[in-house]
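Overview (structure and organization)
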4 protein chains.
Amino acid sequence: MIIVLKPNTTREEAEPILKRIEDLGCKPLYLPGTERVVLGAIGDERVLDSLHLEGHPLVEQIHQVLSPYKLVSREFHPHDTLVRIGDVPVGGQGFAVIAGPCSVESQEQLHQTAEAVQKAGAHCLRGGAYKPRTSPYSFQGLGEAGLELLQGVSNALSMPVITEVVEAADIDRVIEHADALQVGARNMQNYRLLKALGQCDKPVLLKRGMSAELKELLLAAEHIVAQGNGNVILCERGIRTFETATRNTLDLNAVPYLKQRSHLPVVVDPSHGTGLRDLVAPMSRAAAACGADGIIVEVHCDPSVALSDGQQSLYPEQFKELMDGLRPIVEALGRTL
Amino acid sequence: MIIVLKPNTTREEAEPILKRIEDLGCKPLYLPGTERVVLGAIGDERVLDSLHLEGHPLVEQIHQVLSPYKLVSREFHPHDTLVRIGDVPVGGQGFAVIAGPCSVESQEQLHQTAEAVQKAGAHCLRGGAYKPRTSPYSFQGLGEAGLELLQGVSNALSMPVITEVVEAADIDRVIEHADALQVGARNMQNYRLLKALGQCDKPVLLKRGMSAELKELLLAAEHIVAQGNGNVILCERGIRTFETATRNTLDLNAVPYLKQRSHLPVVVDPSHGTGLRDLVAPMSRAAAACGADGIIVEVHCDPSVALSDGQQSLYPEQFKELMDGLRPIVEALGRTL
Amino acid sequence: MIIVLKPNTTREEAEPILKRIEDLGCKPLYLPGTERVVLGAIGDERVLDSLHLEGHPLVEQIHQVLSPYKLVSREFHPHDTLVRIGDVPVGGQGFAVIAGPCSVESQEQLHQTAEAVQKAGAHCLRGGAYKPRTSPYSFQGLGEAGLELLQGVSNALSMPVITEVVEAADIDRVIEHADALQVGARNMQNYRLLKALGQCDKPVLLKRGMSAELKELLLAAEHIVAQGNGNVILCERGIRTFETATRNTLDLNAVPYLKQRSHLPVVVDPSHGTGLRDLVAPMSRAAAACGADGIIVEVHCDPSVALSDGQQSLYPEQFKELMDGLRPIVEALGRTL
Amino acid sequence: MIIVLKPNTTREEAEPILKRIEDLGCKPLYLPGTERVVLGAIGDERVLDSLHLEGHPLVEQIHQVLSPYKLVSREFHPHDTLVRIGDVPVGGQGFAVIAGPCSVESQEQLHQTAEAVQKAGAHCLRGGAYKPRTSPYSFQGLGEAGLELLQGVSNALSMPVITEVVEAADIDRVIEHADALQVGARNMQNYRLLKALGQCDKPVLLKRGMSAELKELLLAAEHIVAQGNGNVILCERGIRTFETATRNTLDLNAVPYLKQRSHLPVVVDPSHGTGLRDLVAPMSRAAAACGADGIIVEVHCDPSVALSDGQQSLYPEQFKELMDGLRPIVEALGRTL
């Protein structure tokens, strides 16, 4: 940790700070420059964090030398982690495709959609039973009835299923019905939820928050892993920027950035990442090309009447085309679809 | 609602959409232009929302004519709402000052800080017992013990107290100890929490999410009010932008914008809104000058050792100066401090 | 154009606005709803723009039905435009690779770099002679001497060259030495420069501004094309967001979005779009996969001593690897590298 | 300057970097830590900038200790700079009000507006003759004829005038007619223009770019001051964020931040900063309250027919109310209006 002191700070004034560093068991350095005094603190930055120097009146800036996350970092664990949703591996040689409707609306809608995406080559089913919605007047999901529909279709088609959980209190119920749990963008920093998910043994697909830095996404994953559940899949789903032509700005830089710094698998959600049906297929190809381990895509048997996210949901035939266009890219990279 | 159809859509193709509008009990309009056909739908936009036309393949754009929120709007309820935290009115003639430490750390720290801010003129105490923290390695708050300390100091000084609640399951416990509940920025779209708060009778201070549009803040408030609790205070606390010189960008435009469109009181958090101790006093004055109903400020008896947010916490004497500088501004506006 | 009037506006008050629409030769519509009166104006939106109604005290909102650009739109001109830089086509079957140093620093540096990128398969050379730099104390480019070096190397290697122009007054000089002109992100809305470029006959590579919406990029291109120069190449180079892990956020959504709405070719700059050397190759593949017509990449014979943008410049051998990884992707899409 | 090296870098590998620091006349430090080696470089950071180490393959991060600007900083020049536009001081005890139409449209429009704002208490006239516009189909200003109208009205009313200059080549002409020159947000990083303005002796009002960090605004000012013209006024005019309820997000944090770090005067443009007429008066008060030295406001004798920015232009009577509301705030701060 590097600590830059305010102009004209004397050695004497710096002494108590050097002492605080030493008291933590770290090694303090005193580095007088031409216009500023700089202090160094050598040791574990996670320990140094408890120095709480950011509020000190003599401190001008603090620079961290090491990353604030550890368990999820590649430095700590150099090899790729492979996470299994049911029997579908995510993070290995294969490219995983998770597809299905935004919300579970009815048995028929779910079954018809699931059958279509499976036939086109999807490995895993998605569908929301609890829907966090911006307006209190929008459809909020079928709740537990939706979970049962998901499990029924999943069993009928032998297709593992992933669904969102919005509160720690729901985890036990959701776990009974689903093969993996999704944390939505709005809950990426719901630490109670993360902690509770860290104590269960199902895989967690963690979506990046709409305004979360990549460092914060990795720290959110660290919250889960630190509790003992290492089966975390990171998901880039677009961030909020000034651009309104698309619903979100899909930040594909995140894919190689995360893969280089973390051992966890990374998937991309081109549906929320664009918000526009016509952009989903090209951005799925782009996700594969820059190294993503899979995609999670919204498909609806009839988007023209979808109760949520209709604008970004693919028609079944569009999803088939997406898969056909994706295959040569995935294979060109030496992976399998 | 205005619905712009894709180029070359025929009247015949538009018919089923017109019928869907009519079936909802609304009045459809067919408006052929030179390059596009436009449809109008006259009726309650909250009803029209259930048309779910955004996913229709013939629809190019949808424009809403009315705002998506209702109960919190000034059109619906023209007069200012006055919310009381204990006996402190927020939203009337007075300018409310809520002050205290970021986190409750100890009895001594809390009592000393509370006494100092009360002496300088603060009306209400703040302090966090449950702290959502980005890193799993940071101080997470004292929990229930913190709540008890808050209540003790509040009683001793006859100063009402507000504290954050992070999960619906905690509400009953927090309500016993506090006069008002705060929803943090990370939870602004935690709809389970909002719904549960809507069913209790304590005032709620709702912070704007870091990347929430003002429309979304008002919709979050609508989630609470729609459940029956009208005692909601809106809080601008800075948004996330590209600017990193300050921790957040305090969006004071929000103050007159919200006051003009909603009847709910609006307060400002210049501590999180700037992240820098030296900006807190000037931005408090600016908040008052543009019409805020109060401020919520972090003060610590010794910020140089604060366990959280030390960088933005004021020293007690700085808070006194803030109050001294604020008074003439508040009075120039015909209000009282 | 759809014009929403303020609540309680009467027919009588709306009449003068309807008249203004009619006086422009457009067709006015009067559409009273339940809570608002809406007016329609049928005709060319570029004509309707001169209504200047946005400041009218009775107007609450204005929604445009048609896009504000025309000449660059695919509706106006359905077929792809192919632009030639020297003899290198951009926008056709081939995938164009433009590579070279950020700044021209010396004959040796330029020649060595150009030779390396050509050998690895680049089609076109890039290099800056006039460098807009944030700090007045940074290297500002070699100016005219740099232009001469560029032309010399271009001739020696029979490799067309593109370079940045920063002011209308420089165009004549730059045109003599280069095959195409680049407008940098900071100049995307320098309308004098755009207008002057519209009056010359060399191709223009127009970079998206750091905070420019896609609509604004297309309007900037419209400024050039409206003057008579249709040889415009659009370039996505990353936008400024809250994310600081990367220098910019490369917005690849822009690629299919622009290709669907405009006939102009689109290239991607993964060097500025990431700012990190290790992300350039994966993002080049992603750009190709989502439909870009080419890339523009910074390469330096020795980035460890580069006078600008060293952090994002590739070593020659890294560029060769980039090309090797790009080839199968480009071919999987049925294009050639 | 602090240089963090990549993991596992040896002392031997670090040697050439230490040598480069020494060769520049600075003092190198070698600081091995537990997981990283850190190097320090003591000396002028503007000299250290020419190290060009950011591209070095062994370098992981670089942290600057000192600010990259110097001449505009308060450390270099502790006392407030007072800039005079004609005989109107900006940056002293008074609070300067600059008002007038967005564009000069006609003699009558300009004279009528100028007379009204002067009567209400404005000190200085504004008006655009050269208008940079996003669409090539919008009104682009009257050009030189507009300059003559500005000068005529300025003389008739003895009111100094400020107008925008968009290109270095125009400066000589604009200087003849105006008392101060404005650099628009889109030109904040037009370094040719900044350099040329630095060589003239009229005051320059420099607007912050739409996505410019405060550090970049100060560096843009440094470009002007470094050429010899110290009469620079900084102007906060709103930044581009995800919020679309207002045209821009007025970042008033900028005011105390800039005043604390720079000796230059700071004014605020609440017209562009909000884009909504009803927010201009409250945000003007807020600007004064947080320490701005003045405001620049758009007023039009009849905004309902304004050729540009009508939505944010005040009616003359609204401007009078703004002034009446501003006076007690300005006086409460011990300044005069």
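Calculation rules
Residues numbered from 1 in each chain as written. Chains lettered and ligands numbered in written order. Predicted model: local features only at pLDDT ≥ 70, side-chain atom pairs only at ≥ 80, totals over all residues. Heavy atoms only, no water. Axes fitted to C-alpha atoms, helices over the stretch in contact; angles between N-to-C directions. Helix = DSSP H or I, 4+ residues; strand = E, 2+ residues; numbered from the N terminus. Parallel < 35°, antiparallel > 145°, perpendicular 65-115°, else oblique. Left-handed = near helix turned anticlockwise from the far one by under 90°. Contact = heavy atoms within 4.5 Å. Nonpolar A, V, L, I, M, F, W, Y, C, P; charged D, E, K, R; others polar. Buried area = accessible area lost by both parts, 1.4 Å probe. Salt bridge = Lys/Arg side-chain N within 4 Å of Asp/Glu carboxyl O. Polar contact = N/O pair within 3.5 Å; in protein donor to acceptor, adjacent residues only side chain to side chain. Disulfide = S-S within 2.5 Å. Buried < 20%, exposed > 50% of the residue type's maximum accessible area, 1.4 Å probe, protein only. pLDDT = per-residue confidence, 0-100. Pairing = 2+ DSSP bridges. Least-squares fit on C-alpha atoms with pLDDT ≥ 70 in both.

Comments concerning the packing of helix α7 (residues 214–225) of chain A against helix α8 (residues 254–261) of chain A
Residue and element names in this part refer to chain A. The interhelical angle for the contact between α7 and α8, taken along N-to-C directions, is 50 degrees, at an axis separation of 11 Å. In terms of orientation, α7 lies oblique with respect to α8. Here α7 runs over α8; the crossing is right-handed. Seen from α7, the contacting residues are Leu214, Leu217 and Leu218; seen from α8, they are Ala254, Tyr257 and Leu258. Considering only residue class, the contact of α7 with α8 consists of 6 nonpolar, no polar and no charged.

Thoughts on the interface of chain D and chain C
In this complex, chain D contributes 46 residues to the contact, which on the side of chain C involves 46 residues. When the two sides are added together, the surface that chain D and chain C hide from each other amounts to roughly 4,100 Å², 48% of it contributed by carbon and sulfur. Of all residues in chain D, the largest losses of buried area upon contact with chain C belong to Tyr137, Arg192 and Arg240 of chain D, amounting jointly to 16% of the total for that side. Notably, a salt bridge pairs Arg192 of chain C with Glu167 of chain D, separated by 2.9 Å at the nearest N-O pair. Linking chain D with chain C are 23 residue pairs in polar contact (both at pLDDT 80 or more), by the criterion used here. Elements with a minimum of two residues in the side of chain D that touches chain C: α6 (191–198) and α7 (214–225) of chain D. If one sorts the elements of the side of chain D that touches chain C by residue count, α7 of chain D sits on top with 4 residues. The class makeup of the residues in the side of chain D that touches chain C is 18 nonpolar, 14 polar and 14 charged.

What about the state of the cysteines?
Residue and element names in this part refer to chain B. Inspection of the entire model under this criterion finds 0 disulfides over all chains. Not part of a disulfide, Cys200 finds its nearest cysteine sulfur in Cys124, a span of 16 Å. Exposure remark for Cys200: the relative accessible area of 13% places this residue in the buried category.

Comments concerning the confidence of the model for chain A
Here chain A averages 95 in pLDDT, while 100% of its residues score no lower than 70. ipTM for the predicted complex: 0.95, alongside a pTM of 0.96.

Quick look at the sheet that holds strand β4 (residues 59–63) of chain B
Residues and elements named next belong to chain B. With antiparallel pairing, the 4 strands of this open sheet are ordered in space as β2-β3-β1-β4. Each edge of the open sheet carries a strand with a single partner, namely β2 (27–32) and β4. With direction set aside, neighbouring strand axes in the sheet form an average angle of 20 degrees. Where strand β1 (residues 2–5) and β4 come together, 4 bridges link them in antiparallel fashion. Residue pairing in the sheet places Ile3 in a bridge with Ile62 of β4. Against the sheet, helix α1 (residues 11–23) touches β1, β2, β3 (37–42) and β4, its axis set at about 155 degrees to β2.

A look at the packing of helix α6 (residues 191–198) of chain B against helix α7 (residues 214–225) of chain B
Residue and element names in this part refer to chain B. Between α6 and α7, whose axes approach to 7 Å, the crossing angle comes to 45 degrees. With respect to their mutual orientation, α6 and α7 come out oblique. Counting all contacts with α6, which are made through Tyr191, Leu194, Leu197 and Gly198, the residues of α7 involved are Ala220, His223 and Ile224. Looking at the contact of α6 with α7 residue by residue, the classes come out as 5 nonpolar, 2 polar and no charged.

Description of the relation of the copies chain D and chain B
With an RMSD of 0.0 Å, the operation that places chain D on chain B is a rotation of 180 degrees combined with a shift of 0.0 Å along the axis. In the structure described here, the two chain copies are related by an operation that fits a two-fold rotation axis. Ranked by how close their C-alpha atoms come to the rotation axis, the residues of chain D are headed by Ala286 of chain D, at 2.1 Å. Interface overlap between copies: 100% of the residues of chain D at the interface are likewise at the interface in chain B, consistent with a symmetric, same-surface contact.

Here we look at the pattern of salt bridges
Oppositely charged side chains are able to pair whenever their charged atoms sit close together. All told, the structure shown has 84 salt bridges over all chains when counted by the stated rule. Linking Glu75 of chain D and Arg36 of chain A is a salt bridge whose minimum nitrogen-to-oxygen distance equals 2.6 Å. Taken as a pair, Glu75 of chain D in the loop between β4 (59–63) and β5 (83–85) and Arg36 of chain A in the loop between β2 (27–32) and β3 (37–42) lie in two separate chains rather than in one. Of the charged contacts in the structure, one is a salt bridge between Arg327 of chain B and Asp324 of chain B, with a shortest N-O distance of 3.5 Å. Placement of the pair is Arg327 of chain B and Asp324 of chain B together in helix α11 (residues 316–332), with a separation of 3 residues, close to one helical turn. The class for Arg327 of chain B is partly exposed, based on a relative accessible area of 28%. One continuous salt-bridge network, built from bridges that share partners, spans Glu144, Glu167, Asp170 and Arg173 of chain A together with Arg192 of chain B.

Focus on the environment of Leu314 of chain C
Residues and elements named next belong to chain C. For Leu314, the position within the fold is in the loop between β14 (294–298) and α11 (316–332). Along the chain, Leu314 and Val297 lie 17 residues apart, while their C-alpha atoms are 8.2 Å from each other. Among residues more than four places away in sequence, those in contact with Leu314 are Arg277, Val280, Val297, Glu298, Val299, His300, Pro303, Phe319 and Leu322.

Thoughts on the environment of Val37 of chain C
All names here are of chain C. Positionally, Val37 belongs in strand β3 (residues 37–42). Given a relative accessible area of 11%, Val37 falls into the buried group. Other than its neighbours up to four places away in sequence, Val37 contacts Ile3, Val4, Leu5, Thr9, Tyr30, Leu31 and Pro32.

A short note on the interface of chain D and chain B
Residue-level contacts link 37 residues of chain D with 37 residues of chain B. In total, chain D and chain B occlude about 2,900 Å² of area from one another, counting both sides; carbon and sulfur atoms represent 66% of this. For chain D, the biggest contributors to the area lost against chain B are Phe242, Glu243 and Asn253 of chain D; these three give 22% of the whole. Connecting chain D to chain B are 2 salt bridges. Here Arg208 of chain D and Glu243 of chain B are joined by a salt bridge, their closest N and O atoms 2.8 Å apart. Remark: the boundary between chain D and chain B carries 12 residue pairs in polar contact (both at pLDDT 80 or more). At the level of secondary structure, the elements contributing two or more residues to the side of chain D that touches chain B comprise α8 (254–261), α9 (270–274), α10 (277–289) and α11 (316–332) of chain D. For the side of chain D that touches chain B, the leading source of residues is α10 of chain D, giving 7 residues. Classifying every residue of the side of chain D that touches chain B gives 21 nonpolar, 9 polar and 7 charged.

Side note on unusual backbone geometry
Residues and elements named next belong to chain C. The phi dihedral of Ser158 is positive, around 50 degrees, even though this residue is not glycine. Along the chain, Ser158 turns up in the loop between α4 (144–157) and β9 (161–164). Even without glycine at this site, Asp309 takes up a positive phi of about 55 degrees. Here Asp309 is to be found in the loop between β14 and α11.

Points about the relation of the copies chain D and chain C
Once chain D is rotated about the relating axis by 180 degrees and shifted along it by 0.0 Å, it coincides with chain C to within an RMSD of 0.0 Å. An overlap of 100% is found between the interface residues of chain D and their copies at the interface of chain C, pointing to a shared contact surface.

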